[in-house]
Amino acid sequence: MVANHPDLIFLQMSPADFIVRQRFLSHKCALNEVEDYVKHGVESMDPVKPITWEECLVNLVVLDMLRENKTPGELHLPKGFSTYAYPYLQNDATRKQLTVPFMESITKNIVGSSPSEYSIINHALYTSLMGKHKVLLGDMPELLYRQQLGNSLTLKEFQDLFKFIKGKMAELKEPITFREAAVNFAPHIFQLPRDLYMSALLKEALQAATCIVAMVGMPHYTPVKKYWVGPPHGINFEEACRIPDRLSGESDENLIEKQALLDVLLEKRAWGDRYISNPFPYLVNNIAGVSQEELAKMKKCFLTNYHKYESFKNMSYRELDGKLHSVNRLPKFETKIGKEPSQNVRQSANA
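Before going into details, it helps to say that this report is about the structure given with it. The structure presented is a predicted model; accordingly, all values stated were derived computationally and were not measured. (Residues numbered from 1 in each chain as written. Predicted model: local features only at pLDDT ≥ 70, side-chain atom pairs only at ≥ 80, totals over all residues. Heavy atoms only, no water.)

1. Here we look at the overall build of the protein chain
Part 1 of the argument: Along the backbone of the protein chain there are 15 helices and three strands.
Part 2 of the argument: In terms of principal-axis extent, the alpha carbons of the protein chain reach across some 85 × 65 × 45 Å.
Part 3 of the argument: Taken over 351 residues, the protein chain has a buried fraction of 43%.
Part 4 of the argument: Restricting the contact set of the protein chain to residue pairs at least 6 apart, pairs at least 24 apart contribute 75%.
Part 5 of the argument: Surface accessibility of the protein chain: about 19800 Å² in total, with carbon and sulfur atoms responsible for 55%.
Part 6 of the argument: Between the averaged position of the 42 positive side-chain charges in the protein chain and that of its 41 negative side-chain charges there is a distance of 6 Å. (Helix = DSSP H or I, 4+ residues; strand = E, 2+ residues; numbered from the N terminus. Buried < 20%, exposed > 50% of the residue type's maximum accessible area, 1.4 Å probe, protein only. Contact = heavy atoms within 4.5 Å. Areas by Shrake-Rupley, 256 points an atom, 1.4 Å probe, with all protein chains shown as cover. Lys, Arg positive; Asp, Glu negative; His and termini not counted. Charge placed at Lys NZ, Arg CZ, Asp CG, Glu CD.)

Structure below.
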């Protein structure tokens, strides 16, 4: 990365945790009447989708503000994370004191509950931010991903997919999770939105950069290259972030059930993060306008369906586990490694 001198490091990591903190601090600055900040500049704290691609760009001043609970004008930058990689601005003693807090801040405020499944990308995040590089968090926000999926297929189609994936898993000789099976056996549904989003974000960022080093998972490398069509052709960032209209004829209960099914199938509670103020954006834009009684019904509907599909999934895992144990895939070497070699040693010794 250093040899290429990139303007940006593009990493396939979720920007959601960072975006929600950045929006909170922007609103706080507006309330404190800091210049250039507007009170109504942030419509929602929930990181459903980025307003612009720059929202996914990590700004170390945000981490300094979170650490010291101050506005930008109150910060003393030579003693913060922003100048960590600049020895002519920050002395060695201060840098050593900040090393562990800097790593902890990255873990808490950027990685959060969604580390990358690729260890090299996690490593690149820390080394890049602590080494004077600008980092663009390039993965698709989970809330945007779920709403695009939920408004693209009917409930019956998702239920059929659930059965199809279960059947495919039964044919395997090695166990995998439902999430892995969904991406592997139906990439045109579960991987395509991420590939299009990352391609569009990269094209958008290249308008402001001359060199970008991008790190994505191997399953996404070829599709991103395939969808890489220069502007004005191909998918753009606005289209990649567009949430389709809900399918006609579907009730609110159907939409809730689809999201519960996706939580189980993809093995991630997308709507359960503590910072999410509206867990039902696919139904209402402003959760404050929903009565407590109606909200309780919506939550009950979601949890009922979640537990239903979770029980189906656990039952499938038990069935698959039994089948895998019944298949003698590898010979047992315990006796050969344990008793037999010692007997051979004794026989050779006696000889």
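2. Comments concerning unusual backbone geometry
Across the chain, the bulk of peptide bonds are trans and the bulk of non-glycine residues have phi less than zero.
Part 1 of the argument: The backbone of N69 shows a phi angle near 55°, a positive value even though the residue is not glycine.
Part 2 of the argument: Tracing the backbone through its elements, the reader meets N69 in the loop between α2 (60-68) and α3 (92-111).
Part 3 of the argument: Positive phi, close to 75°, is recorded for K132, a residue that is not glycine.
Part 4 of the argument: Assignment of secondary structure puts K132 in the loop between α4 (119-129) and β2 (135-137).

3. Brief notes about the nonpolar core
Nonpolar side chains tend to gather and get buried jointly when the protein is soluble and globular.
Part 1 of the argument: Grouped together as the largest cluster of nonpolar side chains are 60 residues, with contacts concentrated most on F190 and Y197.
Part 2 of the argument: Excluding anything up to four places from it in sequence, F190 contacts Y145, L149, L161, I165, A182, V183, L262, L265 and L266.
Part 3 of the argument: Ranked by size, the runner-up nonpolar core spans 29 residues in total, among them L11, I121, L129 and V135. (Core = buried A, V, L, I, M, F, W, Y, C linked by side-chain atoms within 4.5 Å.)

4. Remarks on helix α10 (residues 218-226)
Part 1 of the argument: Turning to α10, its buried residues are H220, P223 and V224. All buried residues of α10 fall inside an arc of 105° around its axis, so they share one side. With respect to the buried face of α10, the exposed residues turned more than 90 degrees away are M218, T222, K225 and K226.
Part 2 of the argument: Packing partners of the buried residues in α10 comprise α9 (192-205). (Arc of directions from axis to C-beta.)

5. Looking at the packing of aromatic side chains
Part 1 of the argument: Here the structure, examined in full by the defined rule, presents 11 aromatic pairs.
Part 2 of the argument: On the numbers, 5.4 Å between centres and 25° between planes, the contact of F162 with F178 is stacked. With a gap of 16 residues between them, F162 in helix α6 (residues 155-170) and F178 in helix α7 (residues 178-185) connect regions that are remote in the sequence.
Part 3 of the argument: Here the aromatic cluster, defined as three or more aromatic residues joined through ring pairs, consists of F162, F178, Y309, F312 and Y317.
Part 4 of the argument: Here the basic side chain of K132 rests over the ring of Y86, its NZ or CZ set 5.0 Å away from the ring centre.
Part 5 of the argument: Seen from the ring of Y145, R194 lies directly overhead, with NZ or CZ sitting 4.1 Å from the centre. (Phe/Tyr/Trp six-rings, centres within 6.5 Å; stacked < 30°, edge-to-face > 60°. Lys NZ or Arg CZ within 6 Å of the ring centre and 35° of its normal.)

6. With respect to the sheet that holds strand β3 (residues 212-215)
Part 1 of the argument: Taken together, the three strands give an open sheet; going across it, the order is β2-β1-β3, and neighbouring strands pair in parallel fashion. Edge positions in the open sheet fall to β2 and β3, since each of these has one partner strand only. When the angles between neighbouring strand axes are averaged without regard to direction, this sheet yields 20°.
Part 2 of the argument: In this structure, strand β1 (residues 8-11) lies alongside β2, joined through three bridges in parallel fashion. Counted as the bridge partner of I9 is V135 from β2. (Pairing = 2+ DSSP bridges. Axes fitted to C-alpha atoms, helices over the stretch in contact; angles between N-to-C directions.)

7. A few points about the packing of helix α1 (residues 16-31) against α3
Part 1 of the argument: Here α1 crosses α3 at 90°, and the two axes come no closer than 6 Å. Comparing their axes, α3 and α1 come out roughly perpendicular. Contacts between α1 and α3 involve D17, F18 and R21 from the first element and K108, N109, I110 and V111 from the second.
Part 2 of the argument: By residue class, the composition of the contact of α1 with α3 is three nonpolar, one polar and three charged. (Parallel < 35°, antiparallel > 145°, perpendicular 65-115°, else oblique. Nonpolar A, V, L, I, M, F, W, Y, C, P; charged D, E, K, R; others polar.)

In short, the description is geometric, and any link to function would need to be established separately.
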